[in-house]
Amino acid sequence: MGLPVNSSDRVVWRFAQTNQMILLTANRRMKGKDSLEEVLQEENTSASLPVVTVGDAKRILTDSSYRDLCLNRLLEIVLYLDNYLGTRRIFIP
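Before going into details, it helps to say that this report is about the structure given with it.

About the thresholds
Residues numbered from 1 in each chain as written. Predicted model: local features only at pLDDT ≥ 70, side-chain atom pairs only at ≥ 80, totals over all residues. Heavy atoms only, no water. Helix = DSSP H or I, 4+ residues; strand = E, 2+ residues; numbered from the N terminus. Rg over C-alpha atoms; globule rule 2.2 N^0.38 Å. Buried < 20%, exposed > 50% of the residue type's maximum accessible area, 1.4 Å probe, protein only. Contact = heavy atoms within 4.5 Å. Lys, Arg positive; Asp, Glu negative; His and termini not counted. Charge placed at Lys NZ, Arg CZ, Asp CG, Glu CD. Arc of directions from axis to C-beta. Polar contact = N/O pair within 3.5 Å; in protein donor to acceptor, adjacent residues only side chain to side chain. Pairing = 2+ DSSP bridges. Axes fitted to C-alpha atoms, helices over the stretch in contact; angles between N-to-C directions. Parallel < 35°, antiparallel > 145°, perpendicular 65-115°, else oblique. Left-handed = near helix turned anticlockwise from the far one by under 90°. Nonpolar A, V, L, I, M, F, W, Y, C, P; charged D, E, K, R; others polar.

Focus on the overall build of the protein chain
Within the protein chain, the secondary structure is distributed over four helices and three strands. Sequence-ordered secondary structure for the protein chain, helices as α and strands as β, is α-β-α-β-α-α-β. Relative to the compact-globule value of 12 Å for 93 residues, the protein chain shows a C-alpha radius of gyration of 13 Å, a close match. Counting only residues that meet the buried cut, the protein chain has 30% of its 93 residues in that class. Residue pairs at least 24 apart in sequence account for 66% of intrachain contacts in the protein chain once pairs closer than 6 positions are excluded. One way to put it: in the protein chain the 12 positive side-chain charges average out to a point 5 Å from where the 11 negative ones average out.

Written out as structure tokens, the structure is:
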């Protein structure tokens, strides 16, 4: 089951948590009661999977060194996921 493209951050985060998915995002700003930051503050628990945020989404498309740093960091998070539960948000690289 997919989500509608216009789903709020709250709906997307809950869907990811329910389906044991790590949410990968670009850098987002706090806007409103359903913003990702608000959701993390209100609903995150010690068992929640982290949200991984790429600090410079445009750069990941054009800079292979930066992309490699992001990939390596993401792999570290996935391999040692238990260490990151409840972290809320992790910025990479």
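Right, picking up where we left off after that structure.
Re helix H1 (residues 9-18)
Think of an α-helix as turning once every 3.6 residues; residues three or four places apart then point the same way. Every buried residue belonging to H1 is among Asp 9, Arg 10, Trp 13, Ala 16 and Gln 17, and all of these are buried. Looking straight down H1, one finds that the buried residues subtend no more than 130° of arc, so they occupy a single side. Taken together, the buried residues of H1 touch strand S1 (23-26), helix H2 (36-43) and strand S2 (51-54). Of the residues one or two after H1, Gln 20 is the one with positive phi, at around 55°.

So, the side chain of Ser 48
With respect to the secondary-structure elements, Ser 48 resides in the loop between H2 and S2. There is a polar contact of 3.5 Å between the side chain of Ser 48 and the side chain of Asn 44. One polar contact links the side chain of Ser 48 to the main-chain amide nitrogen of Thr 45, over a distance of 2.9 Å. The residues touching Ser 48, leaving out its near neighbours within four places in the chain, are Trp 13, Gln 17, Glu 43, Tyr 84, Leu 85 and Gly 86.

Some details on the pairing of S2
Here S2 shows no split at all, with Val 51 and Thr 53 on one side and Val 52 and Val 54 on the other all buried. Of the pairings in the sheet, the one linking S1 to S2 comprises four bridges and is parallel in character. Within S2, the position partnered with Thr 25 by the bridge is Thr 53. Relative to strand S3 (residues 89-92), S2 runs parallel, the two being bridged by four bridges. Of the residues in S3, the one forming a bridge with Val 51 is Arg 89.

Quick notes on the packing of H1 against H2
Between H1 and H2, the least distance of the axes is 8 Å, while the angle of their chain directions is 50°. Taken as axis vectors, H1 and H2 run oblique relative to one another. Crossing of H1 against H2: the hand is right-handed. On H2, the residues touching Asp 9, Arg 10, Trp 13 and Arg 14 of H1 are Leu 36, Glu 38, Val 39, Leu 40, Glu 42 and Glu 43. Its residues assigned to classes, the contact of H1 with H2 shows four nonpolar, no polar and six charged.

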